[in-house]
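# Observations on the three-dimensional arrangement
These are the residues of each chain, in order.
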Amino acid sequence: MESNEYYSSILSAILFLVFTMHPGANAQGLVPALYVFGDSLVDVGNNNYLALSLLKADFPHNGIDYPGKKATGRFSNGFNFADFLAQNLGVPTAAPYLSLSPDSNNTDSYLAGVNFASGGAGIFNTTNLGQCISFDEQIDYFATLYAVLVEQLGTEKTIDHLARSIFALVIGSNELINYAKSDPADSASPEDFVGSLLATLQVQIKRIYNIGARRLVFIGSGPVGCCPGVRERNETKECNAVGNYVSNLYNTGVSSLLNKMQKSEDMSYSFFDTYNAVLQYIKQPSTYGFSEVAEACCGLGDLNAKIGCLPVSTYCDNRNDHIFWDYYHPTEATSRLVTTTAFDGSAPLVYPININQLTTS
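In short, a report on the structure. Bear in mind that the values here come from a model prediction, so they are computed numbers and not experimental data.

This part is about the pairing of strand E6 (residues 268-272). Along any regular strand the residues' side chains alternate between the sheet's two faces. Burial analysis of E6 places 5 of its 5 residues in the buried class, the great majority of the element. Along E6, one buried face is formed by Ser 268, Ser 270 and Phe 272 and the opposite face, lined by Tyr 269 and Phe 271, is buried too. As paired elements, strand E5 (residues 215-219) and E6 share 5 bridges and run parallel to each other. Across the sheet, the residue bridging to Arg 215 is Ser 268, located in E6. Two strands pair when backbone bridges link them, and E6 and strand E9 (residues 350-351) are joined in this way by 2 bridges, in the antiparallel orientation. By the bridge assignment, Phe 271 is partnered in E9 with Tyr 351.

Pasting the structure below:
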């Protein structure tokens, strides 16, 4: 093992022990718990429990920098955004919902926070149908959680707990990537496509609110046109303009949706503009500690993006140099940087308040 890889593994192990396993983390946290909804960017192992799904990351070289060099189901070389958000909040990383036994009393587990996210999930139920837990299904699971807590704690205590907790949403990228890769002749206009996403998303966020969420964190879409798996399709290997256009359009729409909802509902939110943040990393990589902005760290073929991160794939020596881990997902280094900015940053990348401020809103 090379020395830099060794020390990286040691550092990850220390961070894991300090932030996610500390026995007093929940008591000392900024909020009671973290609840996570979304796709592979925040999946911490739910897809491991889907027997028929091909959308999994529970094999090498995923997890090469995770404590114990363990592939946990995270689509990353190490921790992902859900982990870093939990660390910043001072609470344990939320357990995958499907890891909690349906036959036992899960009150304590539910109170500690739950991760419903699933690799491949989208806003539309048809996205990767049968291969993941759709966003609507994730919300159904949240409704089940709510019912269990009410039965055990009563309505008042349940409502209070959820109102003080943080709800993180990371969803939409799978549809945007599919659109970027589709034949324009067979596709709706970008505006109509994003409009249909937002119309569905609005209903879904309102459902989460109605069940009890009051503090929402929404991590917007990154520039999906710059993902290696989308770049690789261009002869020039440059970012796909259509993919980036719909990503930016989507983020603008989500921000507007949340702003309107806040004006009419008893809720607060923090929105992170991942699109412009990651574009900064790509345009000025050395400023942020990166040297490779186009090629995936793990994979095979052009830009390491013809084949994903499988046991037969090769991977880069220094993952911290790369923005992308595989053809669609960020490295641990990128996830850490995104989280740091979302947590303590300011406009124009984070608005109307950052996550740290949201904890006291």
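Right, let's get into the nonpolar core. Judged by nonpolar contacts, the single largest core of 88 residues is most densely connected at Phe 37, Phe 167, Leu 201, Phe 218 and Tyr 250. Among the elements that line this core, the one with the most residues is helix H8 (residues 190-211), at 9 residues. Ignoring sequence-local partners within four residues, the contact set of Leu 201 consists of Ile 123, Phe 135, Ile 171, Phe 218, Tyr 250 and Val 254. Ranked by size, the runner-up nonpolar core spans 6 residues in total, among them Ile 64, Cys 298, Cys 309 and Trp 325.

Rules used throughout
- Residue indices follow the written sequence of each chain, beginning from 1 at its first position.
- For a predicted model such as this one, the threshold for reporting local features is a pLDDT of at least 70, and the threshold for listing and counting side-chain atom pairs is 80 or more; totals across whole chains, interfaces and linings nevertheless cover every residue.
- With hydrogens and water stripped out, all remaining heavy atoms of the structure feed into the side-chain values.
- Note on classification: 1.4 Å probe, protein chains only; a residue is buried when its accessible area is under 20% of the maximum for its type, exposed when over 50%, partly exposed between these limits.
- By definition, any uninterrupted DSSP run of H or I lasting at least four residues is a helix, any uninterrupted run of E lasting at least two residues is a strand, and each is numbered from the N terminus.
- Pairing between two strands is assigned when DSSP locates at least 2 bridges connecting them.
- For the purposes of this section, nonpolar cores are sets of buried Ala, Val, Leu, Ile, Met, Phe, Trp, Tyr and Cys residues that join through side-chain atoms within 4.5 Å.
- Contact definition: two residues touch when any of their heavy atoms are within 4.5 Å.

Read these as spatial facts, not as claims about activity.
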